[in-house]
Amino acid sequence: SILHTIRPDNKYTEEEAKLLDLCLMLHAEHGGGNNSTFTCRVLASTGTDTYSSIAAAVGSLKGPLHGGANKKATEMFNDIKSYADNWRDEGSVADYLTKMLRREAGDGSGLIYGMGHPIYTISDPRAVILKKYAKELADKKGYGDEFHLIETVEYLAPELFRKIKGSSKQICANVDMYSGLIYKTLGIPEDLYTPIFATARIAGWVAHRMEEVTSNARIMRPAYRCVAPVKDYIPLGSREGKV
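Residues numbered from 1 in each chain as written. Predicted model: local features only at pLDDT ≥ 70, side-chain atom pairs only at ≥ 80, totals over all residues. Heavy atoms only, no water.

## Quick word on the packing of aromatic side chains
Part 1 of the reasoning: If you walk through the whole model with that rule in mind, you get two aromatic pairs.
Part 2 of the reasoning: With centroids separated by 5.6 Å and ring planes inclined at 40°, the aromatic side chains of F147 and Y178 adopt a geometry described as tilted. Within this pair, whereas F147 is found in helix α8 (residues 144–165), its partner Y178 is found in helix α9 (residues 176–185), the two being separated by 31 residues in sequence.
Part 3 of the reasoning: Over the ring of W87 we find K81; its NZ or CZ atom is 5.4 Å from the centre of that ring. (Phe/Tyr/Trp six-rings, centres within 6.5 Å; stacked < 30°, edge-to-face > 60°. Helix = DSSP H or I, 4+ residues; strand = E, 2+ residues; numbered from the N terminus. Lys NZ or Arg CZ within 6 Å of the ring centre and 35° of its normal.)

Okay, here's the thing in structure tokens:
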């Protein structure tokens with residue numbers, strides 16, 4: 001239905017439909033600790049309706065670190081292709097990734113989008129599955145060089161993180177590393193990447209909401225502790241810039 005709707009000629013192959021279906025299944029859910037699902041459960045615990053819980057979860061996807069991560073990954077690869085000396089050369093890609101980690105290139109965040117996950121460290125099983133199909137589709141549709149670039153970033157990033165960031169944490173490619181390329185080869189506009197993610201995840205959100213309202217009778221209230229340094233109180237009349 002999605003491919004039929006977004007394509008001017010309404011045509012698609014069975015292979016393309018099955019691949020998008022696979023993407024939707026892989027994005028549907030992977031634990032209640034992720035930001036959008038947690039948001040859904042927090043609202044559900046108040047006793048509000050399904051629509052409010054889902055709307056809040058959708059709002060959490062607006063942030064580029066969650067729902068927009070695959071779009072940010074796509075933008076990152078476009079940036080590498082535009083500004084790296086030779087994006088088909090491993091050394092050139094490594095040099096540019098180094099600049100990104102030092103906040104000297106890219107969006108200035110110091111991040112390599114598509115790498116790392118709070119839970120998955122050795123491998124993200126969703127990324128492993130998507131990588132296989134991404135390669136097959138990329139080869140068929142003339143995106144072999146772009147697939148090679150993504151694979152190169154996946155290979156180089158862990159060691160560069162250790163070298164530049166001084167981190168010993170093991171990282172791997174996450175689901176956003178290859179999903180953007182799949183969407184691109186399917187002809188899906190970048191502006192639809194996050195909405196499609198939401199379309200898939202609604203099934204997981206609803207399941208979590210059902211579990212929350214049927215198994216928990218208490219409102220969710222996380223505990224927080226301020227870790228900011230304690231500062232001395234300065235009387236209003238002694239403060240700089242006082243009126």
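## Quick look at the side chain of R126
Part 1 of the reasoning: Tracing the sequence through the fold places R126 in helix α7 (residues 125–141).
Part 2 of the reasoning: Residues in contact with R126, not counting those within four places in the same chain, are L26, H30, H117, Y120, V175 and R201. (Contact = heavy atoms within 4.5 Å.)

## Focus on the pattern of salt bridges
Part 1 of the reasoning: By the definition in use, this model includes 17 salt bridges.
Part 2 of the reasoning: One salt bridge connects E211 with R41, and the closest N-O pair in it is separated by 2.7 Å. A residue pair is termed long-range when its members are at least 10 positions apart, and E211 in helix α10 (residues 193–215) and R41 in helix α3 (residues 35–44) qualify at 170 residues.
Part 3 of the reasoning: Judged by its relative accessible area of 13%, R41 is buried.
Part 4 of the reasoning: Between D145 and R88 there is a salt bridge whose closest N-O contact spans 3.1 Å. Of this pair, D145 sits in helix α8 while R88 sits in the loop between α5 (69–83) and α6 (90–101), and the two are 57 residues apart along the sequence.
Part 5 of the reasoning: Accessibility expressed as a relative area gives 41% for D145, which makes it partly exposed.
Part 6 of the reasoning: Through salt bridges with shared partners, one network takes in R7, E16 and K141. (Salt bridge = Lys/Arg side-chain N within 4 Å of Asp/Glu carboxyl O. Buried < 20%, exposed > 50% of the residue type's maximum accessible area, 1.4 Å probe, protein only.)

## Quick word on empty space enclosed by the protein
Leftover empty space is mapped by rolling, across the atoms, a probe with the size of a water molecule.
Part 1 of the reasoning: For the coordinates displayed, the defined rule picks out one cavity of 30 Å³ or more.
Part 2 of the reasoning: Roughly 110 Å³ of volume is contained in the largest cavity.
Part 3 of the reasoning: Lining of the largest cavity is provided by 13 residues; of these, T74, F77, E146, I150 and L181 occupy positions nearest its centre.
Part 4 of the reasoning: At the level of elements, α5, α8 and α9 are the ones that each hand at least two residues to the lining of the largest cavity. (1 Å grid on protein atoms, 1.4 Å probe; cavity = no way out; pocket = protein on both sides within 12 Å on 5 of 7 lines; lining within 4 Å. Points joined across faces, edges and corners; volume = space filled by probe spheres on them.)

## Quick look at the nonpolar core
As a rule of thumb, nonpolar side chains are buried together in soluble globular proteins.
Part 1 of the reasoning: Among the nonpolar cores identified, the biggest contains 48 residues, and F77, I80, L97, I112, M115, V153 and M177 are the most heavily contacted of them.
Part 2 of the reasoning: The set of elements that each furnish at least two residues to this core consists of α2 (14–27), α5, α6, α7, α8, α9 and α10.
Part 3 of the reasoning: Per element, the largest residue contribution to this core is eight residues, and it comes from α8.
Part 4 of the reasoning: Once residues lying within four places of it in the same chain are set aside, the contact partners of F77 are L149, I150, V153 and M177.
Part 5 of the reasoning: In terms of nonpolar packing, the next biggest core, distinct from the first, is built from seven residues, A57, L61, A198 and W205 among them. (Core = buried A, V, L, I, M, F, W, Y, C linked by side-chain atoms within 4.5 Å.)

## Here we look at the environment of E136
Part 1 of the reasoning: Structurally, E136 can be placed in helix α7.
Part 2 of the reasoning: Sequence separation between E136 and F147 is eleven residues, and the spatial gap between their C-alpha atoms is 9.8 Å.

## Concerning a negative patch on the surface
Part 1 of the reasoning: On the surface, D85, D89, E90 and D95 cluster together into a patch of negative charge.
Part 2 of the reasoning: Position of D95 relative to the elements: it lies in helix α6. (Patch = residues over 30% accessible without salt bridge, like charges linked within 9 Å, V, L, I, M, F, W, Y side chains within 5 Å. Areas by Shrake-Rupley, 256 points an atom, 1.4 Å probe, with all protein chains shown as cover. Lys, Arg positive; Asp, Glu negative; His and termini not counted. Charge placed at Lys NZ, Arg CZ, Asp CG, Glu CD.)

## Re unusual backbone geometry
Part 1 of the reasoning: For N10, which is not glycine, the phi dihedral falls at a positive 60°.
Part 2 of the reasoning: N10 gets classed as partly exposed once you look at its relative accessible area, which sits at 35%.
Part 3 of the reasoning: Its identity as a non-glycine residue notwithstanding, R103 has a phi of 65°, on the positive side.
Part 4 of the reasoning: Note that R103 resides in the loop between α6 and α7.

## Comments concerning the confidence of the model for the chain
Part 1 of the reasoning: In the predicted model, the chain carries a mean pLDDT of 89, and 99% of its residues have values of at least 70.
Part 2 of the reasoning: Confidence scores differ between elements of the chain, with α5 showing the lowest mean pLDDT of 88 and helix α4 (residues 50–60) the highest of 95. (pLDDT = per-residue confidence, 0-100.)

## Comments concerning the layout of surface pockets
Part 1 of the reasoning: Roughly 760 Å³ of volume is contained in the largest pocket.
Part 2 of the reasoning: For the largest pocket, the lining is made up of 28 residues, of which L65, G116, H117, P118 and N174 are closest to its centre.
Part 3 of the reasoning: Residues of the lining of the largest pocket, tallied by class, amount to 13 nonpolar, eleven polar and four charged. (Nonpolar A, V, L, I, M, F, W, Y, C, P; charged D, E, K, R; others polar.)

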